[in-house]
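# Per-entry structural report
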Amino acid sequence: MSGDSDCTRTSPSAGSPSDSEFLPDRPKYVCSLSPDLITKAREELQEKPEWRLRDVQALRDMVCKDYPSLGTCLDDAFLLRFLRARKFDYDRALQLLVNYHTCRRSWPEVFNNLKPSAIKPVLESGFVTVLPHRDPEGRHVVCIRPDRWTPSNYPITENIRAIYLTLEKLIQSEETQVNGIVILADYKGVSLSKASHFGPFVAKKVIGILQDGFPIRIKAVNIINEPRIFKGIFAIIKPFLKEKIANRFFLHGCDLNSLHQNIPPVILPEEYGGTSGKLDISAWNELLLASEEDLLHDFSALVLPCDSSPHDMLVSGDADEKQCDDSLRGMKPQLYYCY
């Protein structure tokens, strides 16, 4: 089904029946939030349960009016992710939705054939996983370990695909939509040659997705065991970060006590001074692989239009690529200096 046909059927007109009468097959939204999370969403995200579906319909109407060929899913639960990520600001939620699609369409190496079984080698390497227990704020901890990647086995884009699918799985949970996530990145053993794969072009793309192109709230990024070379990596990343996000980066070095001030030992594995046993990647891998059919069903609702593309794109083509190329020329000397 094209985005045009969706919008044709869902755009209300004066005196017309309700949207549900036109689309009886659209999944009916049922809130799964606990009373405490409903209160948290009200206080932190300006989400009012009594206005929730009205807000979703308002965003749906804006999509149909301003981006009739966007080819997006228009289900209540899907649109609600974007409203929550932007604290129910309609305009910002709409731009995030457009950015979400723009990112997916502008990087085919990452988004073509995107499914868990296609990134099984990355999952088996332990490059990315999710800790089994949430933190005291109810946030999942996404653990990323670049030292587990061998560049000769597959390109860096495979790692990005694995991270993206992990986020897609996590954001299916309304609890995660409200609480957000925490990232734990272990840079132990990251060499200069490996770091050079993460140049300005890749950095800009990844930061663009995480910061402006995906409906998830990243509440903290904890960096552990970072070598001196990380100064060069962070120097590449930082220009693309908004101040609010940059302030959520915490560099702990080898100081586990510092890490434990942000993530309590009770939910951390032994590798990070925790008490929850050895780091086990199998449970998350099995969950993600078992979710392939659900994820593919979700992705099937994101239709690539043949005759148009959204305006105000996040990635603006040649100018951005030239800027990244210019930055890339200076990257390796900067990394060598830090190393």
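Residues numbered from 1 in each chain as written. Predicted model: local features only at pLDDT ≥ 70, side-chain atom pairs only at ≥ 80, totals over all residues. Heavy atoms only, no water.

### Quick look at the overall build of the chain
For clarity, the cut-off: Helix and strand definitions follow DSSP, with helices as H or I runs of at least four residues and strands as E runs of at least two, each counted in order from the N terminus. The classification of residues rests on relative accessible area computed with a 1.4 Å probe and restricted to protein chains. Under 20% of the type maximum is buried, over 50% is exposed, and intermediate values are partly exposed. Any two residues whose heavy atoms approach within 4.5 Å at even a single point are treated as in contact. Per-residue and other accessible areas follow the Shrake-Rupley method at a 1.4 Å probe size, with only the shown protein chains counted as cover for residues.
From N to C terminus, the chain includes 19 helices and five strands. Burial analysis of the chain (339 residues in total) assigns 52% to the buried set. Put simply, 79% of the contacts in the chain that link residues at least 6 apart link residues at least 24 apart. Approximately 16100 Å² of the chain is accessible, and the part contributed by carbon and sulfur atoms is 53%.

### Focus: the packing of aromatic side chains
To keep things clear, this is the line we draw: In summary, the pairing rule links any two rings of Phe, Tyr or Trp, Trp by its six-membered ring, whose centres are within 6.5 Å, and it sorts them by plane angle into stacked for under 30 degrees, edge-to-face for over 60 and tilted for everything else. For a lysine, the NZ atom is tested; for an arginine, the CZ atom; a charge sits over a ring if that atom is within 6 Å of the ring centre and within 35 degrees of the ring normal.
Following the criterion strictly, the structure yields seven aromatic pairs and no others. Considering the side-chain rings of Phe111 and Tyr164, the 4.7 Å spacing of their centres and the 85° angle between planes classify their relative orientation as edge-to-face. With Phe111 in helix α7 (residues 108-111) and Tyr164 in helix α9 (residues 156-170), this pair connects stretches of sequence that are 53 residues apart. The exposure class of Phe111 is buried, given its relative accessible area of 8%. For Tyr164, a relative accessible area of 4% corresponds to the buried category. Within the aromatic cluster, the residues linked to one another by ring pairs are Phe78, Phe82, Tyr100, Phe111, Tyr164 and Phe214. Its guanidinium or amino end placed over the ring of Phe299, Arg104 lies 4.6 Å from that ring's centre, counting from NZ or CZ.

### Let's talk about the pattern of salt bridges
Worth spelling out the cut-off: We count a salt bridge whenever a side-chain nitrogen from Lys or Arg sits within 4 Å of a carboxyl oxygen from Asp or Glu.
Counting across every chain of the model gives 13 salt bridges. Ionic pairing is found between Glu50 and Arg42, a salt bridge with its closest N-O pair at 3.4 Å. When its relative accessible area of 36% is taken as the criterion, Arg42 is described as partly exposed. Asp212 is paired through a salt bridge with Lys242; the nearest N and O atoms lie 2.7 Å apart. One end of the pair, Asp212, is in helix α12 (residues 200-212); the other, Lys242, is in the loop between α13 (230-237) and α14 (243-246), and 30 residues separate them in sequence. Taken together, the shared-partner salt bridges in this structure form one network comprising Glu47, Arg52, Arg84 and Glu174.

### Focus on the layout of surface pockets
The gaps left among the atoms become clear once a water-sized probe is rolled over them. Cut-off, in case you're wondering: As defined here, a cavity is a set of points on a 1 Å grid over the protein atoms alone where a 1.4 Å probe fits but cannot get out. A pocket is an open set with protein on both sides within 12 Å along at least five of seven lines, and residues line them when an atom is within 4 Å of a point. Grid points are joined across faces, edges and corners, and a volume is the space filled by probe spheres set on the points. Throughout, the ten residues Ala, Val, Leu, Ile, Met, Phe, Trp, Tyr, Cys and Pro are labelled nonpolar, Asp, Glu, Lys and Arg are labelled charged, and all others, Gly among them, are labelled polar. Domain boundaries shown here were taken from an automatic or database domain assignment.
Within this model, the largest pocket holds a volume of roughly 1100 Å³. Along the walls of the largest pocket sit 46 residues, with Ile183, Val206, Ile207, Leu210 and Ile218 positioned nearest its centre. Split into classes, the residues belonging to the lining of the largest pocket amount to 31 nonpolar, four polar and eleven charged. Residues lining the lining of the largest pocket come from more than one domain, with at least three contributed by each of domain 1 (35-106) and domain 2 (113-291).

### Quick notes on the packing of helix α4 (residues 52-66) against helix α6 (residues 90-106)
Two packed helices can be described by the angle between their axes and the distance between those axes. Note the threshold: Only the stretch in contact is used when a helix axis is fitted, and all axes are lines through C-alpha atoms; the angle between N-to-C directions ranges over 0 to 180 degrees. By definition in this entry, angles of less than 35 degrees are roughly parallel, angles greater than 145 are roughly antiparallel, angles of 65 to 115 are roughly perpendicular, and the rest are oblique. Crossing chirality is assigned from the near helix's rotation relative to the far helix, an anticlockwise turn below a right angle marking it left-handed and a clockwise turn marking it right-handed.
Contact geometry for α4 and α6: axes closest at 10 Å, N-to-C directions at 55°. When the interaxial angle is binned, α4 and α6 end up oblique. Viewed along their axes, α4 and α6 form a crossing whose handedness is right-handed. Residues Arg54, Asp55, Ala58, Leu59, Met62, Val63 and Asp66 of α4 form the contact with α6, whose own contacting residues are Tyr90, Asp91, Ala93, Leu94 and Leu97. In terms of residue class, the contact of α4 with α6 is built from eight nonpolar, no polar and four charged.

### Looking at empty space enclosed by the protein
By the definition in use, this model includes two cavities of 30 Å³ or more. Taken as a whole, the largest cavity spans an internal volume of roughly 40 Å³. Lining the largest cavity we find Val142, Ile144, Ile163, Leu167, Ile181, Ile183 and Leu210. Of all the secondary structure elements, the ones that give two or more residues to the lining of the largest cavity are β2 (140-144), α9 and β3 (181-186). Per-class residue counts for the lining of the largest cavity are seven nonpolar, no polar and no charged.

### Observations concerning the environment of Leu296
Note on placement: Leu296 falls in helix α17 (residues 292-300). With residues up to four places along the chain from it excluded, the contact list for Leu296 reads Leu114 and Lys115.

### Some thoughts on the pairing of β3
Which entries qualify depends on this criterion: A pair of strands is considered paired only if DSSP assigns at least 2 bridges between the two.
With six of six residues buried, β3 lies mostly within the body of the structure. Residues of β3 alternate between two faces, with Ile181, Ile183 and Ala185 on one and Val182, Leu184 and Asp186 on the opposite face, all of them buried. Here β2 pairs with β3 via five bridges, running parallel. Its bridge partner being in β3, Val142 is matched across the sheet by Ile183.

### Structural notes on the sheet that holds β2
On the basis of which strands lie adjacent, the open sheet formed by five strands has the order β1-β2-β3-β4-β5 and mixed pairing. Because the sheet does not close on itself, it has two edges, and the strands there are β1 (128-130) and β5 (249-251). Ignoring which end each strand starts from, the neighbouring axes of this sheet average 20° apart. Summarising the sheet, β1 and β2 pair through three bridges and their orientation is antiparallel. Within β2, the residue paired with Thr129 across the bridge is Cys143. Here α9 sits on the sheet and contacts β1, β2 and β3; the angle it forms with β1, its principal contact strand, is near 15°.

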